[in-house]
Amino acid sequence: MASRSTGRPVPVTGDPNQTIGIPGGLVVLNDSKPCRTEPLVVNALHAIVSGVADVAVAFRDSRPSGGSAKAVQASR
């Protein structure tokens, strides 16, 4: 369930998929996406503003070869 940020600090729990509501979208902390056919993908911060931006910061996957990391990945 998303909490709505009102200009107040939001405690970071460290739990996967902590969701914070923002005007027009949401921010997901520790965004984890397990999949049966692909490696686990974790974004440290994933911001989504409907119809405007979908930005993942500090992306990491769990491939046996060590995977890969990207500092910023954005799509529109």
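Each value, and the rule that gives it
Residues numbered from 1 in each chain as written. Predicted model: local features only at pLDDT ≥ 70, side-chain atom pairs only at ≥ 80, totals over all residues. Heavy atoms only, no water. Helix = DSSP H or I, 4+ residues; strand = E, 2+ residues; numbered from the N terminus. Buried < 20%, exposed > 50% of the residue type's maximum accessible area, 1.4 Å probe, protein only. Contact = heavy atoms within 4.5 Å. Areas by Shrake-Rupley, 256 points an atom, 1.4 Å probe, with all protein chains shown as cover. Polar contact = N/O pair within 3.5 Å; in protein donor to acceptor, adjacent residues only side chain to side chain.

### Description of the overall build of the protein chain
Part 1 of the reasoning: When you go through the protein chain residue by residue, the secondary structure sums to zero helices and six strands.
Part 2 of the reasoning: Along the chain direction, N to C, the helices and strands of the protein chain fall in the order β-β-β-β-β-β.
Part 3 of the reasoning: A burial count over the protein chain gives 20% of its 76 residues as buried.
Part 4 of the reasoning: A fraction of 7% describes how many contacts in the protein chain between residues 6 or more apart in sequence connect residues 24 or more apart.
Part 5 of the reasoning: Carbon and sulfur atoms provide 60% of the accessible area of the protein chain, an area that totals close to 5400 Å².

### Quick look at the side chain of H46
Part 1 of the reasoning: Counting through the fold element by element, H46 comes out in strand 4 (residues 41-49).
Part 2 of the reasoning: Relative accessible area serves as the criterion here: at 8%, H46 is assigned to the buried category.
Part 3 of the reasoning: A polar atom in the side chain of H46 sits 2.6 Å from the side chain of D31.
Part 4 of the reasoning: If sequence neighbours within four positions are ignored, H46 has contacts with L26, V27, V28, D31, K33, D54, V55 and A56.

### Regarding the side chain of S32
Part 1 of the reasoning: Looking at the element boundaries, S32 is found in strand 3 (residues 25-33).
Part 2 of the reasoning: If near-sequence neighbours (up to four positions away) are discounted, S32 is found in contact with P16, N17, L40, V41 and V42.

### Digging into the environment of G51
Part 1 of the reasoning: Secondary-structure assignment places G51 in the loop between strand 4 and strand 5 (53-61).
Part 2 of the reasoning: Owing to a relative accessible area of 86%, G51 belongs among the exposed residues under this scheme.
Part 3 of the reasoning: For the pair G51 and G25, spaced 26 residues apart in sequence, the C-alpha separation works out to 9.3 Å.

### What to know about unusual backbone geometry
Part 1 of the reasoning: Even without glycine at this site, N17 takes up a positive phi of about 60°.
Part 2 of the reasoning: By relative accessible area, N17 is classed as partly exposed at 36%.
Part 3 of the reasoning: With phi around 55°, N30 is a residue other than glycine that occupies positive phi space.
Part 4 of the reasoning: Residue placement: N30 occurs in strand 3.

All quantities given are derived from atomic positions and should not be read as evidence of function.
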